[in-house]
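An overview of the molecular structure
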Amino acid sequence: AKVAVFVSGTGTNMAALLYASRLPGSPYEIALVAANDPAAPALALARAEGVPTFALAHAGMAREDHDAAMERAARDAGAQYIVLAGYMRILTPGFVGRWEGRMLNIHPSLLPAYPGLDTHARAIAAGDSYGGTSVHLVTEELDAGEILGQIAIAIQPGDTPAALAARVRLAEHQLYPRVLADYVSRWNDPQHLLARVRTLAL
Ligand code: GRF
């Protein structure tokens, strides 16, 4: 399956997805890395690895127009899935709707706890024993789609948000490639295809 990865920043999850895709038997390949920030380090990494990239700064653009350009880039690359990996933009409902069931996100908390920003600071302030990371399907409601996989990460005494974030990141790099591979494999299996056709026929 061909995948477009949307990023805004460092792109360590994108890198983990890319390197995993180069292991024998990977059911997905990264056809495009697209960013809303032309200076995102993720783009330089992708370019160095020979992965096609697309960048368009969102400043001064209507959200619909920026989304449309990102979506076109994904389609032009032949993407069947869009994978958000630290993409810090909320997508328009139309875009989300067209990719329903084919757009994944990774979020640094044990959803449904702590959607949105500052997840680690909130988990520590609440005295939680565990933080974590979740891969989920993207729906209109922020960080609320079906959860496809999670890893819990123990919060240590004296933990800081930055220290916890670093451990969560390590877990994310294990989780995201595995969940994506499982998910696209699921979509390729005949039973799943039948379910898709049925849904379209409704
Ligand atoms: C990750 O922690 C992810 O959960 C969140 O944004 C961060 C992206 O980090 N959505 P990176 O750019 O992949 O290093």
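Structure shown above.
Residues numbered from 1 in each chain as written. Predicted model: local features only at pLDDT ≥ 70, side-chain atom pairs only at ≥ 80, totals over all residues.

A closer look at the overall build of the protein chain
Across its full length, the protein chain carries 7 helices and 7 strands. Each helix and strand of the protein chain, placed in order from N terminus to C terminus, yields the pattern β-α-β-α-β-α-β-α-β-α-β-β-α-α. Its C-alpha radius of gyration of 17 Å places the protein chain within 12% of the 17 Å reference for a compact globule of 202 residues. In terms of principal-axis extent, the alpha carbons of the protein chain reach across some 50 × 40 × 35 Å. For the protein chain, buried positions account for 37% of its 202 residues. Taking the intrachain contacts of the protein chain between residues at least 6 apart in sequence as the baseline, contacts between residues at least 24 apart amount to 66%. (Helix = DSSP H or I, 4+ residues; strand = E, 2+ residues; numbered from the N terminus. Rg over C-alpha atoms; globule rule 2.2 N^0.38 Å. Buried ≥ 20, exposed ≤ 12 C-beta atoms within 10 Å, placed from the backbone. Contact = placed C-beta atoms within 7 Å.)

Here we look at the site of the ligand
Surveying the vicinity of the ligand reveals 14 residues, the closest of which are Thr 10, Thr 12, Asn 13, Gly 86 and Pro 108. Listed by contribution, the elements that provide at least two residues to the shell around the ligand are α1 (12-21), β5 (103-107) and α6 (161-188). In terms of residue count, α1 provides more of the shell around the ligand than any other element does, 3 residues in total. Residue composition of the shell around the ligand, grouped by class: 4 nonpolar, 8 polar and 2 charged. (Near = placed C-beta within 6 Å. Nonpolar A, V, L, I, M, F, W, Y, C, P; charged D, E, K, R; others polar.)

Some thoughts on α1
Two residues of an α-helix separated by three or four positions point the same way, owing to the 3.6 residues in each turn. Of all the positions in α1, only Asn 13, Met 14, Ala 15, Ala 16, Leu 17 and Leu 18 are classed as buried. In this fold, the buried residues of α1 make contact with β1 (2-7), β2 (29-35), α2 (41-48), β4 (81-84), β5 and α6.

Some thoughts on the packing of α1 against α6
Between α1 and α6, whose axes approach to 9 Å, the crossing angle comes to 45°. Classed by the angle they form, the pair α1 and α6 counts as oblique. Crossing hand, α1 versus α6: right-handed. Across the interface between the two elements, Thr 12, Asn 13, Ala 16, Leu 17 and Ala 20 from α1 touch Arg 169, Glu 172, His 173, Tyr 176, Pro 177 and Leu 180 from α6. Of the residues contributing to the contact of α1 with α6, the split by class is 6 nonpolar, 3 polar and 2 charged. (Axes fitted to C-alpha atoms, helices over the stretch in contact; angles between N-to-C directions. Parallel < 35°, antiparallel > 145°, perpendicular 65-115°, else oblique. Left-handed = near helix turned anticlockwise from the far one by under 90°.)

Thoughts on the environment of Ala 144
Position of Ala 144 relative to the elements: it lies in the loop between β6 (130-137) and β7 (147-154). Overall, Ala 144 belongs to the partly exposed group, with 15 C-beta atoms counted inside 10 Å. As for Ala 144 and Pro 112, which are separated by 32 residues in sequence, their C-alpha atoms are 7.0 Å apart.

Observations regarding the sheet that holds strand β3 (residues 53-55)
Taken together, 7 strands build an open sheet; the order of strands is β3-β2-β1-β4-β5-β6-β7 and the sheet is mixed. Across the chains shown, the open sheet's two edge strands, defined by having one partner strand only, are β3 and β7. Each neighbouring strand pair of the sheet contributes to a mean axis angle of 20°, computed without reference to strand direction. Sheet topology note: the β4/β5 ladder contains 3 bridges and is parallel. The residue of β5 that forms the bridge with Leu 84 is Asn 105. Of the strands in this sheet, β1, β2, β3 and β4 touch helix α3 (residues 63-76), which is tilted by about 160° from β2. (Pairing = 2+ DSSP bridges.)

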